Amino acid sequence: MQLKNSENHYGIIAISLHWLMAILLIGMLSLGLYMTGLPISLEKLKLYGWHKEYGILALLLLIIRLVWRFTNITPRLSLPLLEKFAARAVHWAFYGFMIAMPLTGWLISSAAGLPVSFFGLFVLPNLVEPNDHLMKLCGEIHEYLGYGLIATIILHVAAALKHHFINKDDILRRMLS
Ligand code: HEM
């Protein structure tokens, strides 16, 4: 398998980044929804810490992914115009969520005056001064973005499965090997 993308296939780097991000995002959504429902405890604080660290990891991976995306060709999508437009719109919506989710998360912590550590390696600077109103606003935006991301993932998975099982084309297969 080649490293880079070609006209018809994704390379190993794009495929690995795709599935790594998929696992990370689904994990982050599940952890986020679970941890916010817990009563205040050491366990809750530990999970918030993990959520923040893996969220920053998602942001770093996104930067690598965007660099790879713009320095590589994207395999052609041989679909009717409207379907192609819908597929590309969903892909760009993902990039929007992948930028906005970590940034609003980082803003929640900054506005709460809490540090964001990256696996003990370094501490990120706070983006804003402590501000209760901003913390609540970013918390709500982060939550609704999460619901939007869940809906987009469902749409994306449903489309991939439809192509594989109903249209029987190679759209899903080319993201697997
Ligand atoms: C891929 C990135 C991320 C995803 C998909 C994600 C997802 C979520 C979700 C679904 C929730 C639950 C929302 C709710 O029900 O209130 C949540 C909460 C939270 N997230 Fe994230 N998150 C991401 C990144 C981050 C980052 C990078 C940080 C901080 C550095 C962060 C900080 C928080 C905090 C503090 C909460 C709790 C908010 C509250 O207690 O109201 N998140 N996240």
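What comes next is a walk through the structure.

Cut-off values and rules
- Residues numbered from 1 in each chain as written.
- Predicted model: local features only at pLDDT ≥ 70, side-chain atom pairs only at ≥ 80, totals over all residues.
- Heavy atoms only, no water.
- Patch = residues over 30% accessible without salt bridge, like charges linked within 9 Å, V, L, I, M, F, W, Y side chains within 5 Å.
- Areas by Shrake-Rupley, 256 points an atom, 1.4 Å probe, with all protein chains shown as cover.
- Salt bridge = Lys/Arg side-chain N within 4 Å of Asp/Glu carboxyl O.
- Helix = DSSP H or I, 4+ residues; strand = E, 2+ residues; numbered from the N terminus.
- Near = heavy atom within 4 Å.
- Polar contact = N/O pair within 3.5 Å; in protein donor to acceptor, adjacent residues only side chain to side chain.
- Nonpolar A, V, L, I, M, F, W, Y, C, P; charged D, E, K, R; others polar.
- Buried < 20%, exposed > 50% of the residue type's maximum accessible area, 1.4 Å probe, protein only.
- Core = buried A, V, L, I, M, F, W, Y, C linked by side-chain atoms within 4.5 Å.
- Donors = N, O, S within 2.8 Å, 3.2 Å for Na, K, Ca; no water.
- Tetrahedral: all angles 85-135°; square planar, octahedral: opposite > 155°, others 65-115°.
- Expected span 1.5 Å × (residues − 1).
- Phe/Tyr/Trp six-rings, centres within 6.5 Å; stacked < 30°, edge-to-face > 60°.
- Axes fitted to C-alpha atoms, helices over the stretch in contact; angles between N-to-C directions.
- Parallel < 35°, antiparallel > 145°, perpendicular 65-115°, else oblique.
- Left-handed = near helix turned anticlockwise from the far one by under 90°.

A separate point is a nonpolar patch on the surface. Taken together, the side chains of Trp50, Tyr54, Leu60, Ile63, Val67, Phe119, Leu121 and Phe122 present a nonpolar region at the surface, about 780 Å² in accessible area. Ranked by the residues each element gives to the nonpolar patch, the list is headed by helix 2 (residues 42-70), at five residues. On the secondary structure map, Ile63 appears in helix 2.

The local shell around the ligand holds 22 residues, among which Leu25, Tyr48, His51, Gly105 and His142 are the closest. A distance of 2.8 Å separates a nitrogen atom of the ligand from a polar side-chain atom of His51. Elements with a contribution of two residues or more to the shell around the ligand: helix 1 (12-36), helix 2, helix 3 (81-111) and helix 4 (132-167). Counting residues per element, the shell around the ligand draws most heavily on helix 1, which supplies seven residues. Residue composition of the shell around the ligand, by class: 14 nonpolar, six polar and two charged.

Moving on, we get to the pattern of salt bridges. A full pass over the atoms with the stated rule returns three salt bridges. The salt bridge involving Glu7 is made with Arg76; its shortest N-O contact spans 3.1 Å. Residue Glu7 is found in the segment before helix 1, and its partner Arg76 is found in the loop between helix 2 and helix 3; the two are separated by 69 residues along the sequence. A salt bridge links Lys136 to Asp132; its shortest N-O distance comes to 2.8 Å. In this pair, Lys136 and Asp132 both sit in helix 4, four residues apart, roughly one turn of the helix. For Asp132, a relative accessible area of 46% translates into the label partly exposed.

Membership of the largest hydrophobic core comes to 17 residues, with the highest contact counts inside it found for Met21, Leu61, Leu62, Phe94, Met98, Leu149 and Ile153. Of all the secondary-structure elements, those providing two or more residues to this core are helix 1, helix 2, helix 3 and helix 4. The element best represented in this core is helix 3, accounting for six residues. Core analysis: the next-biggest nonpolar cluster, separate from the first, contains six residues, Leu59, Trp106, Val116 and Leu124 among them.

The next subject is the coordination of the iron atom of the ligand. Around the iron atom of the ligand, the protein supplies His51 (NE2) and His142 (NE2) as donor atoms, at distances of 2.0 Å. Coordination at the iron atom of the ligand is octahedral: its six donor atoms span angles of 84 to 180° at the metal. One end of the pair, His51, is in helix 2; the other, His142, is in helix 4, with 91 residues separating them in the sequence. You can call His142 buried: its relative accessible area is 16%.

This part covers helix 3. Side chains that are three or four residues apart share a direction in an α-helix, a result of its 3.6 residues per turn. Across its 31 residues, helix 3 extends 44 Å between first and last C-alpha, which sits within 8% of the 45 Å expected from 1.5 Å per residue. Gly113 occupies a position one or two residues after helix 3 and carries a positive phi of about 75°.

What follows deals with the packing of aromatic side chains. Counted under the stated rule, the structure contains six aromatic pairs. For the pair Tyr54 and Phe119, a centre-to-centre distance of 5.0 Å together with 85° between the ring planes defines the contact as edge-to-face. A residue pair is termed long-range when its members are at least 10 positions apart, and Tyr54 in helix 2 and Phe119 in the loop between strand 1 (116-118) and strand 2 (122-124) qualify at 65 residues. Chaining the aromatic ring pairs together yields one cluster made of Tyr54, Phe118, Phe119 and Phe122.

It is worth spelling out the packing of helix 1 against helix 2 at this point. The relative placement of two packed helices comes down to the angle between their axes together with the axis-to-axis distance. Two numbers describe how helix 1 lies on helix 2: the axes approach to 10 Å, and their chain directions differ by 155°. Taken together, the axes of helix 1 and helix 2 are roughly antiparallel relative to one another. As for how helix 1 packs across helix 2, the hand of that crossing is left-handed.

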